[in-house]
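Observations on the model geometry
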Amino acid sequence: MMQVGVSWLAGEWRLASYLCATLSATVLPMIWYLPESPVFLEQKKKFERAERSREKIAEICQLEYEPKPREEMADLKKITPMMLLRSPVLRTNFLVLCWMWFYVGMSVYITDLNSGDMAKNFYVGQFLCGFVLTISKIVSSFSTIGIIEPKIPWLGRRFIFIASQLIALCAYVTILTALWSKNKESWWYTVSYIFAYAAQSLCLETCYLSLAELMPTDVRSIAGALMNILMKIGTILASTTKPIKFWYEPMLFMINTVLCTAGLLVVWKYLP
């Protein structure tokens, strides 16, 4: 929502880019102030820097620092993609997550890339997208940080993902109905588009959470790197669909409907 507001105030893309870059740069002092992870430094055999890092963390937390005897850290193992494929359980989780990251990245970007005319006023449409997405993430965070989840046993990452995908699929079907019936200018087309984008973006959040919880620590980095590559491939493929908007716009949402239906079935059957 802030980005939309800045773009509206700027009025043109160059000034908007400079203003957004300036706002993003405000986190640099915080990054400079915070220390590096002491565990990471110890794994790299940089023990003196790790000690200073722990001391800095104690200072930030307003705790008295108590040096501890240095513990010998085991050498980091070399992790290869083959390690993800040897274990049947790990292999299934990895392949399902790879598919989730790929198709969610592609469908989110197809939806986002073609959202310029979802409302009569560009800024109103983008602001509403940001508003609905913010509300949905706040609501979902109550589950992810453990406030609601302990009280509702069936609520989890898998449920949030599947529920979000079902909302997105219903929204895509409504969008297709609006396009086929020449009702693109209707209010319900705009509402459906907003919910499609928000629901798909929420699926993206659960992809990250599922990676963190289903991949063991020693293989998480390489698994996350491979999944990020697949997501980027998905976004690149999504960018090639832009001409379809001017040829036959419903085809865009037919692609997303097929992708999301296939993705939903895979997640329903194989995601723990």
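Because the structure is predicted, anything quoted here is derived from the model rather than measured.

Criteria and thresholds
- Residues numbered from 1 in each chain as written.
- Predicted model: local features only at pLDDT ≥ 70, side-chain atom pairs only at ≥ 80, totals over all residues.
- Heavy atoms only, no water.
- Helix = DSSP H or I, 4+ residues; strand = E, 2+ residues; numbered from the N terminus.
- Buried < 20%, exposed > 50% of the residue type's maximum accessible area, 1.4 Å probe, protein only.
- Areas by Shrake-Rupley, 256 points an atom, 1.4 Å probe, with all protein chains shown as cover.
- Core = buried A, V, L, I, M, F, W, Y, C linked by side-chain atoms within 4.5 Å.
- Contact = heavy atoms within 4.5 Å.
- Salt bridge = Lys/Arg side-chain N within 4 Å of Asp/Glu carboxyl O.

1. Let's talk about the overall build of the chain
Looking only at helices and strands, one finds 13 helices and 0 strands in the chain. Starting at the N terminus and ending at the C terminus, the chain contains elements arranged as α-α-α-α-α-α-α-α-α-α-α-α-α. Per-residue burial over the chain gives 37% buried out of 272 residues. Taken as a whole, the chain presents about 16,500 Å² of accessible surface, with 67% of it coming from carbon and sulfur.

2. So, the nonpolar core
Residues Met-100, Val-104, Phe-161, Ile-175, Met-215, Met-227 and Phe-253 are the most contacted members of the largest nonpolar core, which totals 53 residues. Of all the secondary structure elements, the ones that give two or more residues to this core are α7 (88-113), α8 (122-144), α9 (157-180), α10 (187-214), α11 (217-239) and α13 (250-270). The element that contributes the greatest number of residues to this core is α7, accounting for 13 residues. Residues within four places of Ile-175 in sequence aside, it is in contact with Tyr-189, Ser-192, Tyr-193, Ala-196 and Phe-253.

3. Thoughts on the pattern of salt bridges
Considering all chains together, one arrives at 5 salt bridges under this definition. Taking the shortest distance from any N to any O, the salt bridge between Lys-184 and Asp-117 comes out at 2.5 Å. Of this pair, Lys-184 sits in the loop between α9 and α10 while Asp-117 is found in the loop between α7 and α8, placing the two residues 67 residues apart along the sequence. The salt bridge involving Lys-245 is made with Asp-117; its shortest N-O contact spans 3.0 Å. Remark: Asp-117 occurs in the loop between α7 and α8 and Lys-245 occurs in helix α12 (residues 242-248); sequence separation between them is 128 residues. Owing to a relative accessible area of 31%, Asp-117 belongs among the partly exposed residues under this scheme. Within this structure, Asp-117, Lys-184, Lys-245 and Glu-249 form a network of salt bridges that share partners.

Everything listed here is a matter of coordinates, which is why it stays silent on function.
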